[in-house]
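Each chain, letter by letter, is given below.
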Amino acid sequence: MATQASRFIGSIPEHYDRGLGPHLFQDYAGDLARRVAELAPTAVLELAAGTGILSRRLRDALAEDCRLLASDLNPPMLEVARAKFQSGEGVDFRQADAMSLAFGDASFDVVACQFGVMFFPDKQKSYAEAHRVLRDQGSYLFSVWDSWAANPFAQITHEALKSFFPGNPPGFYRVPFEYCDVEEIRGQLLQAGFAEVTTHTLPLRSPIRSARTFARGLVFGNPCLEEITTRGGEPGRVCAAVEKAIREQLGAEMPLQALVVHARKE
Ligand SMILES: C[S@@+](CC[C@H](N)C(=O)[O-])C[C@H]1O[C@@H](n2cnc3c(N)ncnc32)[C@H](O)[C@@H]1O
């Protein structure tokens, strides 16, 4: 199911990969890939794989004979992912909605998902699907963003967007940062049938290598772009305001914080 917040299409994937990848996603991908590889799986399904930032790290960390299937709702994101691999690397790509997976029961020993669950409108259904496609004793490993307070870049960007549309601000920057209640997440996973759930809070400091590139990713690299244009805004002007706010309020480095969740099937 595609909601406005999940429409990563058009020119978004390239901007996402270039502008947001190095600033927000690369370091977390290294951590999650290591956690997955420690389980020594033989078949891994990645959900919401996007432009393949985690997929690349997974492939590098997993055993050569481990099958990796990278999936996402939006084929344009997967096209960027595909370009990161040589043929013969043992990675398959498939369009898939995490709430309705076209894979058989008990097909994988690990399901992995980096910063995707927040976009699934029916999280309970997505957990039931992950549980169904996992083998017994399989693991679902995923990350979600913690709140705005722990990820100030998101609120700074939201406020800069709001200054252009004070009566009707784009809502995108709320969506990925409002699903971080550990007890709610644990409860939904247990309800989906998982037997054991552990969570870790993972803070890190990320260098802002280029405020301009980061700002371009923040404005052109996700569905807030459509919210700006449908309101009659000029993305270039909004981007300049976001860049200025990032420079002034964050400087050369920013704190980030994620929750990493490990749910085990009995
Ligand atoms: C923030 S990106 C994360 C991408 C990638 N995992 C990463 O770490 O860079 C969110 C991704 O969720 C995907 N997505 C949104 N709704 C989805 C759904 N219902 N099923 C599968 N993927 C979905 C989007 O297409 C997008 O690629």
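Residues numbered from 1 in each chain as written. Predicted model: local features only at pLDDT ≥ 70, side-chain atom pairs only at ≥ 80, totals over all residues.

1. A short note on the overall build of the chain
Along its length, the chain carries 9 helices and 7 strands. Scaling as 2.2 N^0.38, a compact globule of 266 residues should have a C-alpha radius of gyration of about 18 Å, and the chain matches this with 18 Å. Dimensions along the principal axes, computed over C-alpha positions, put the chain at roughly 50 × 40 × 30 Å. The buried share of the chain, taken over its 266 residues, is 47%. (Helix = DSSP H or I, 4+ residues; strand = E, 2+ residues; numbered from the N terminus. Rg over C-alpha atoms; globule rule 2.2 N^0.38 Å. Buried ≥ 20, exposed ≤ 12 C-beta atoms within 10 Å, placed from the backbone.)

2. Quick look at the sheet that holds strand β4 (residues 108-114)
Read from one edge to the other, the open sheet built from 7 strands follows the order β3-β2-β1-β4-β5-β7-β6, with strand pairing classed as mixed. Each of the sheet's edge strands pairs with one partner strand only, and the pair in question is β3 (91-95) and β6 (196-207). Each strand of the sheet is rotated relative to its neighbour by a mean of 20°, with strand direction disregarded. Here strand β5 (residues 134-145) runs beside strand β7 (residues 253-264); their pairing, made up of 7 bridges, is antiparallel. Its bridge partner lying in β7, V144 is registered against L259. Packed onto the sheet, helix α3 (residues 75-82) meets β2 (67-72) and β3 and runs at close to 165° relative to β3. Taken strand by strand, helix α4 (residues 123-133) contacts β1 (43-46), β4 and β5, and its axis lies near 145° from that of β5. (Pairing = 2+ DSSP bridges. Axes fitted to C-alpha atoms, helices over the stretch in contact; angles between N-to-C directions. Contact = placed C-beta atoms within 7 Å.)

3. Here we look at the nonpolar core
Across soluble globular proteins, nonpolar side chains show a tendency to be buried alongside one another. Ranked by size, the top nonpolar core spans 82 residues in total, and within it V44, V111, A112, V219 and V242 carry the most contacts. No other element matches helix α1 (residues 12-37), which puts 10 residues into this core. In this view, V242 contacts T157, A160, A215, L218 and V219; residues no more than four positions away in its chain are not counted. (Core = buried A, V, L, I, M, F, W, Y, C linked by C-beta atoms within 7 Å.)

4. With respect to the packing of α1 against helix α7 (residues 211-220)
Here α1 crosses α7 at 120°, and the two axes come no closer than 8 Å. Taken together, the axis directions place α1 and α7 in an arrangement best described as oblique. α7 is crossed by α1, and the crossing has left-handed handedness. Residues H15, Y16, R18, G19, L20 and H23 of α1 touch α7, and the partners they reach there are T213, F214, R216, G217, L218 and F220. (Parallel < 35°, antiparallel > 145°, perpendicular 65-115°, else oblique. Left-handed = near helix turned anticlockwise from the far one by under 90°.)

5. Focus: the pairing of β5
Taking burial as the measure, the 12 residues of β5 include 9 buried ones, the bulk of the element. Pairing of β4 with β5, which is carried by 6 bridges, proceeds in the parallel orientation. Bridged to F108 within β5 is L134. Traced from β4 through α4 to β5, the parallel crossover comes out right-handed. (Right-handed = clockwise from strand over helix to strand, strands pointing away.)

6. Thoughts on the environment of Q26
Mapped onto the secondary structure, Q26 falls in helix α1. A residue is classified by how many C-beta atoms lie within 10 Å of it, and Q26, with 15 of them, is partly exposed. C-alpha of Q26 to C-alpha of R56: the two residues are 30 residues apart in sequence and 9.9 Å apart in space. Every residue in contact with Q26, bar those within four places of it in the chain, is listed here: G21 and I53.

7. Thoughts on helix α2 (residues 53-61)
Buried residues dominate α2, accounting for 7 of its 9 residues. Taken as a whole, α2 has its buried residues at I53, L54, S55, R56, R57, L58 and R59. Each element contacted by the buried residues of α2 is listed here: α1, β1, β2, α3, β3 and β4.

8. A look at α3
If you check which residues of α3 are buried, you get M77, L78, V80 and A81. Here the buried residues of α3 occupy an arc of 155° about the axis, which is enough to place them on one side. Packed against the buried residues of α3 are α1, α2, β2 and β3. (Arc of directions from axis to C-beta.)

9. Focus on the packing of α1 against α2
Two elements in contact, α1 and α2, have axes separated by 8 Å at closest approach and are oriented at 35°. As for the relative orientation of α1 and α2, their crossing is right-handed in sense. In contact with G21, F25, Q26, A29, G30, L32, A33, R34, V36 and A37 of α1, α2 contributes I53, L54, R57, L58 and A61. Taken together, the residues of the contact of α1 with α2 break down into 10 nonpolar, 3 polar and 2 charged. (Nonpolar A, V, L, I, M, F, W, Y, C, P; charged D, E, K, R; others polar.)

Note that every value here comes from positions in space, so none of it alone points to a role or purpose.
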